[in-house]
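# Examining the three-dimensional arrangement
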Amino acid sequence: MTCTVDAHGEMRTVRDFPGGGRDVTLTRRHRNAEAEVTSQTLDEPGLRHLLNTLHPLSDTELEELMREKKIDHRL
């Protein structure tokens, strides 16, 4: 397993499996939130593209998703 952190704080973890398979995990922090994506089929550029589509929610968006019970926020 290898783990690296870039200058922006994004963490990349790669686990190699016997037989040539691998598992790639990217973890990105934005303020107090953390997003993590993992795949055995997507390569690193595909996972980065997925992370780049995420954006922080406004308070209004967060309240609406919680009201619709699409997400649960616990402390």
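Structure: see above.
Note that the coordinates shown come from a computational prediction; the quantities given were computed from them, not determined experimentally.

### Side note on the pairing of strand β4 (residues 33-39)
Here strand β3 (residues 22-30) pairs with β4 via 7 bridges, running antiparallel. The residue of β4 that forms the bridge with Arg28 is Ala35. From the end of β3 to the start of β4, which pair antiparallel, there are 2 residues, and Arg31 there has a positive phi angle of about 55 degrees.

### Regarding a nonpolar patch on the surface
Together, Leu57, Met66 and Ile71 give the surface a local cluster of nonpolar side chains, amounting to about 220 Å² of exposed area. The residue Met66 is located in helix α2 (residues 59-67) in this model.

### Remarks on the sheet that holds β4
Judged by pairing direction, the sheet is antiparallel, and its 4 strands sit side by side in the order β1-β2-β3-β4 without closing on themselves. Of all the strands in the sheet, just β1 (2-5) and β4 have a single pairing partner and so form its edges. Neighbour-to-neighbour, the strand axes of this sheet turn through a mean angle of 15 degrees, independent of strand direction. Strand direction decides the pairing type here: strand β2 (residues 11-16) and β3, joined by 6 bridges, are antiparallel. Residue Thr13 lies in a different strand from β3, and its bridge partner there is Thr25. Across the sheet, helix α1 (residues 44-53) touches β2, β3 and β4, and the angle it forms with β3 is around 30 degrees.

### Remarks on the nonpolar core
Grouped together as the largest cluster of nonpolar side chains are 6 residues: Val14, Val24, Leu26, Val37, Leu47 and Leu51. Broken down by secondary-structure element, the contributors of at least two residues to this core are β3 and α1. If we ignore the near neighbours within four places in the chain, the residues touching Val37 are Val24, Thr25, Leu26, Leu47, Leu50 and Leu51.

The rules behind the values
Residues numbered from 1 in each chain as written. Predicted model: local features only at pLDDT ≥ 70, side-chain atom pairs only at ≥ 80, totals over all residues. Heavy atoms only, no water. Pairing = 2+ DSSP bridges. Helix = DSSP H or I, 4+ residues; strand = E, 2+ residues; numbered from the N terminus. Patch = residues over 30% accessible without salt bridge, like charges linked within 9 Å, V, L, I, M, F, W, Y side chains within 5 Å. Areas by Shrake-Rupley, 256 points an atom, 1.4 Å probe, with all protein chains shown as cover. Salt bridge = Lys/Arg side-chain N within 4 Å of Asp/Glu carboxyl O. Axes fitted to C-alpha atoms, helices over the stretch in contact; angles between N-to-C directions. Contact = heavy atoms within 4.5 Å. Core = buried A, V, L, I, M, F, W, Y, C linked by side-chain atoms within 4.5 Å. Buried < 20%, exposed > 50% of the residue type's maximum accessible area, 1.4 Å probe, protein only.

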